Amino acid sequence: MLIERRIALKNVGRINPAKIEDYMAAGGYKALKQALQMPPEKIVYELIQSGLRGRGGAGFSAGLKKKFTSEAACVLLECMRFIVCNADEGEPGTFKDRIIMEGDPHLLIEGMIIAAYAVGAQKGYIYIRGEYHKSIDMTRKALGQTKANGFLGDNILGSGYSLDIDVKLGGGSYLCGEEFTLLESIEGKRGYPRIKPPYPAQKGLFGMPTLINNVETLSHIPAIILNGAKWYKSIGTDQSPGTKIFSISGDVNNPGNFEVEMGVRLKELIFNLAGGIKDDKKFKTALIGGAAGTFVPESFLDVRMGFESLREKDAVLGSGAIIVMAEDKPIRDMLHSILRFFGHESCGKCVPCRVGTRHLLILLEKIIAEGPNNHSSDIDALLEQSELMAKTSLCPLGQSPVLPIKSAVRYFREELII
Ligand SMILES: Cc1cc2nc3c(=O)[nH]c(=O)nc-3n(C[C@H](O)[C@H](O)[C@H](O)COP(=O)(O)O)c2cc1C
Ligand code: SF4
């Protein structure tokens, strides 16, 4: 019987998130006190050794990102370093970061202060999706308590280190969750992406070295400081250590967020924690990783969930969204809503994505309308165009439609033209 193993959600439902006293009684802010006694390089080293990887989607080493940010040279004479927490949570099917902000905001804040100290950041922003009213209120309240208790602000706990953190609200654009677009948005500009490199660690917010991490990633840091990198590395798998929150929705009896060790099998998540398929129907597919993710067939139920184990099979873990579809749900309806979504969210800055997302939708609608009469070359055209978009688009949004299209065609080609 699979049970949850909680690191990021350990206090959720157990403490009153509106009271810093409750968080402290559960061991909160001990890791910060310990971290402030450590040289910043030692914290960066510990995070690299822990193997913690970003939980926002790309899975980049959280420790290495901090190393690059702390070592980046400033291009301007007036040098500042920033830390930004990505709480935009725009990926369809993902609803985990809000649970941390609503249920244990101090854990996120503690992890963020430690990360800021490690890279020498003087100013931080938590960029929260504008519709997340409760997350915004809880995080703001928690920041006020953190300051009042001397864990934030000038000369934190007498260490000589000072940091200020503000909340910024997202305007509802999916693209604003992409790190550079998010930085543009904080700078007060329209949400357009920038060309990489340079990366945010080198030239980020207002041109300064900036560390940007997801809510869940930062929430793992206090436990790593308290228990050590070796402890963290012993959880999960070799390539994907630690735990992961999976947001499971769709045709399951018990949808919700479940935090388990990386390496869990897909079937354990769906049939054990999420209670199996609704109305005793059969499993057809799961869309893993959200709209920018991949459809997987029944044979994937035994696959272990981790960054590498999924990549080896041309699938992605992404932010941990799992949208389950029962036997009677048409793939083409889901694919249609995904392509409409990308068309709506394309910012229009580059031609391959601006025109390409519209064209993909037109092609799919033609395939659906013609059914069995459709010439199969339209499906090949759908594939070719999404691949071309992936090669020529300016930012990762234009590279996203290829994943759901390719996997839908690979596993459910026949069904698209019924
Ligand atoms: C279109 C797009 C939307 C994204 N939305 C989010 C988001 O809502 N939240 C998030 O944490 N990362 C999002 N990302 C990933 C970020 O660009 C970035 O990789 C992440 O904030 C890094 O944090 P991590 O290393 O802790 O994962 C998005 C990426 C793309 C391309
Ligand atoms: S790929 Fe799409 S979202 Fe990205 S810059 Fe081009 S038009 Fe904008």
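Residues numbered from 1 in each chain as written. Chains lettered and ligands numbered in written order. Predicted model: local features only at pLDDT ≥ 70, side-chain atom pairs only at ≥ 80, totals over all residues. Heavy atoms only, no water.

### Remarks on the site of ligand 2
Around ligand 2 sit 13 residues in total, of which Cys-347, Gly-348, Cys-350, Cys-353 and Cys-395 are the nearest. Residues belonging to the shell around ligand 2 are distributed by class as follows: eight nonpolar, four polar and one charged. (Near = heavy atom within 4 Å. Nonpolar A, V, L, I, M, F, W, Y, C, P; charged D, E, K, R; others polar.)

### Remarks on the sheet that holds strand E2 (residues 123–129)
A sheet is described by the order of its strands in space; here four strands give the open sequence E3-E2-E1-E4, paired in parallel fashion. Each of the sheet's edge strands pairs with one partner strand only, and the pair in question is strand E3 (164–170) and strand E4 (210–214). Each strand of the sheet is rotated relative to its neighbour by a mean of 20 degrees, with strand direction disregarded. In this structure, strand E1 (residues 82–87) lies alongside E2, joined through six bridges in parallel fashion. Within E2, the residue paired with Val-84 across the bridge is Tyr-125. Lying over the sheet, helix H6 (residues 105–119) contacts E1, E2, E3 and E4, oriented at roughly 150 degrees with respect to E1. Taken strand by strand, helix H7 (residues 133–148) contacts E2 and E3, and its axis lies near 170 degrees from that of E3. (Pairing = 2+ DSSP bridges. Helix = DSSP H or I, 4+ residues; strand = E, 2+ residues; numbered from the N terminus. Axes fitted to C-alpha atoms, helices over the stretch in contact; angles between N-to-C directions. Contact = heavy atoms within 4.5 Å.)

### Let's talk about the sheet that holds strand E6 (residues 256–261)
Read from one edge to the other, the open sheet built from five strands follows the order E6-E5-E9-E7-E8, with strand pairing classed as mixed. Strand pairing shows two members of the sheet lacking a second neighbour, E6 and strand E8 (294–296), which therefore form its edges. In this sheet, neighbouring strand axes are inclined to one another by 30 degrees on average, regardless of whether the strands run parallel or antiparallel. Note: strand E7 (residues 283–288) against E8, three bridges, orientation antiparallel. Among the inter-strand pairings, Ala-286 is bridged to a residue of E8, identified as Val-296. Packed onto the sheet, helix H12 (residues 266–273) meets strand E5 (243–250), E6, E7, E8 and strand E9 (321–326) and runs at close to 115 degrees relative to E7.

### Remarks on the site of ligand 1
Gly-56, Lys-65, Asn-213, Asn-214 and Thr-217 are the nearest of the 18 residues found near ligand 1. Contacts to ligand 1 include Asn-86, whose side-chain N or O atom sits 2.9 Å from an oxygen atom. Note that a nitrogen atom of ligand 1 is positioned 3.3 Å from one of the backbone N or O atoms of Gly-177. Across the complex, the protein chains shield 90% of the 620 Å² of accessible surface that ligand 1 would expose by itself. It is E4 that provides the largest number of residues to the shell around ligand 1, a total of three residues. (Polar contact = N/O pair within 3.5 Å; in protein donor to acceptor, adjacent residues only side chain to side chain. Areas by Shrake-Rupley, 256 points an atom, 1.4 Å probe, with all protein chains shown as cover.)

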